[in-house]
Amino acid sequence: MARGWKITVIVAAMAGIVSTPLLWLLGSPDTGQLVGASVQAATGIAALVWALLQRPPVPAPAPGPSDIAANTGKAEGTGGGTAHTGVRRPGGTGTGTAKAERTGDATADGPESSAGTGVDYT
């Protein structure tokens, strides 16, 4: 809840807790007025407690940097090597955007070699 609304609810709750029940109770209330004053005071107290327990909203995380790979050249992985012509985000790390366009060829030759183009989240 925004701070302004929280203050407004607290002030309204305090006014509800004190105003009418106080006026009713000062003028020798009958049973109906006593019940009404009790209900109004309880409602005001509930609103006050609710407003006091509200936490401020959590701000959204700031966007991270944008990673872009464009017009890249050829890459070759041999003898267990890795070749990648785009953007690598191991495990999906990073909070910004990742974009790969017009990436070059990537080739892998030999056992345990790998190659990729585009955005790699592995």
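Overview of the structure. (Residues numbered from 1 in each chain as written. Predicted model: local features only at pLDDT ≥ 70, side-chain atom pairs only at ≥ 80, totals over all residues. Heavy atoms only, no water.)

It is worth spelling out the overall build of the chain at this point. On a plain count of helices and strands, the chain comes out with 2 helices and 8 strands. When the helices and strands of the chain are placed in sequence order, the string is α-α-β-β-β-β-β-β-β-β. Taking 122 residues into account, the globule formula puts the C-alpha radius of gyration at 14 Å, and the chain, at 33 Å, lies well above it. Dimensions along the principal axes, computed over C-alpha positions, put the chain at roughly 95 × 25 × 15 Å. Long-range contacts, defined here as pairs at least 24 residues apart, represent 64% of the contacts in the chain between residues at least 6 apart. (Helix = DSSP H or I, 4+ residues; strand = E, 2+ residues; numbered from the N terminus. Rg over C-alpha atoms; globule rule 2.2 N^0.38 Å. Contact = heavy atoms within 4.5 Å.)

Before going further, it helps to spend a moment on unusual backbone geometry. With a phi close to 50°, Arg 102 is a non-glycine residue in the positive phi region. With respect to the helices and strands, Arg 102 occurs in the loop between strand S5 (98–101) and strand S6 (106–109).

Its 23 residues place the ends of helix H2 (residues 31–53) 33 Å apart at the C-alpha level, agreeing with the 33 Å of an ideal helix rising 1.5 Å per residue. Within the sequence span of H2, burial applies to Ala 37, Ala 41, Gly 44, Leu 48 and Ala 51. Structurally, the start of H2 carries an N-cap: the backbone nitrogen of Gly 32 is 3.3 Å from a side-chain oxygen of Asp 30. (Expected span 1.5 Å × (residues − 1). Buried < 20%, exposed > 50% of the residue type's maximum accessible area, 1.4 Å probe, protein only. Polar contact = N/O pair within 3.5 Å; in protein donor to acceptor, adjacent residues only side chain to side chain.)

In this section: a nonpolar patch on the surface. Taken together, the side chains of Val 18, Leu 22 and Leu 26 define a hydrophobic patch exposed on the protein surface, amounting to about 300 Å² of accessible area. Secondary-structure assignment places Leu 26 in helix H1 (residues 3–26). Note on Leu 26: relative accessible area 66%, which makes it exposed. (Patch = residues over 30% accessible without salt bridge, like charges linked within 9 Å, V, L, I, M, F, W, Y side chains within 5 Å. Areas by Shrake-Rupley, 256 points an atom, 1.4 Å probe, with all protein chains shown as cover. Salt bridge = Lys/Arg side-chain N within 4 Å of Asp/Glu carboxyl O.)

Here we come to the pattern of salt bridges. The final tally for this structure, using the stated rule, is 4 salt bridges. Note that Asp 67 and Arg 89 form a salt bridge whose closest N and O atoms lie 2.9 Å from each other. One end of the pair, Asp 67, is in strand S1 (residues 67–70); the other, Arg 89, is in the loop between strand S4 (87–88) and S5, with 22 residues separating them in the sequence. You can call Asp 67 partly exposed: its relative accessible area is 28%. A salt bridge links Arg 102 to Glu 101; its shortest N-O distance comes to 3.7 Å. Using a relative accessible area of 56% as the deciding quantity, one classes Arg 102 as exposed. Given a relative accessible area of 26%, Glu 101 falls into the partly exposed group. Each of the salt bridges in this network shares a partner with another, and the network as a whole consists of Lys 99, Glu 101 and Arg 102.

Our focus in this paragraph is the side chain of Thr 85. By the element assignment, Thr 85 lies in the loop between strand S3 (82–84) and S4. A distance of 3.0 Å separates a polar side-chain atom of Thr 85 from the backbone oxygen of Gly 104.

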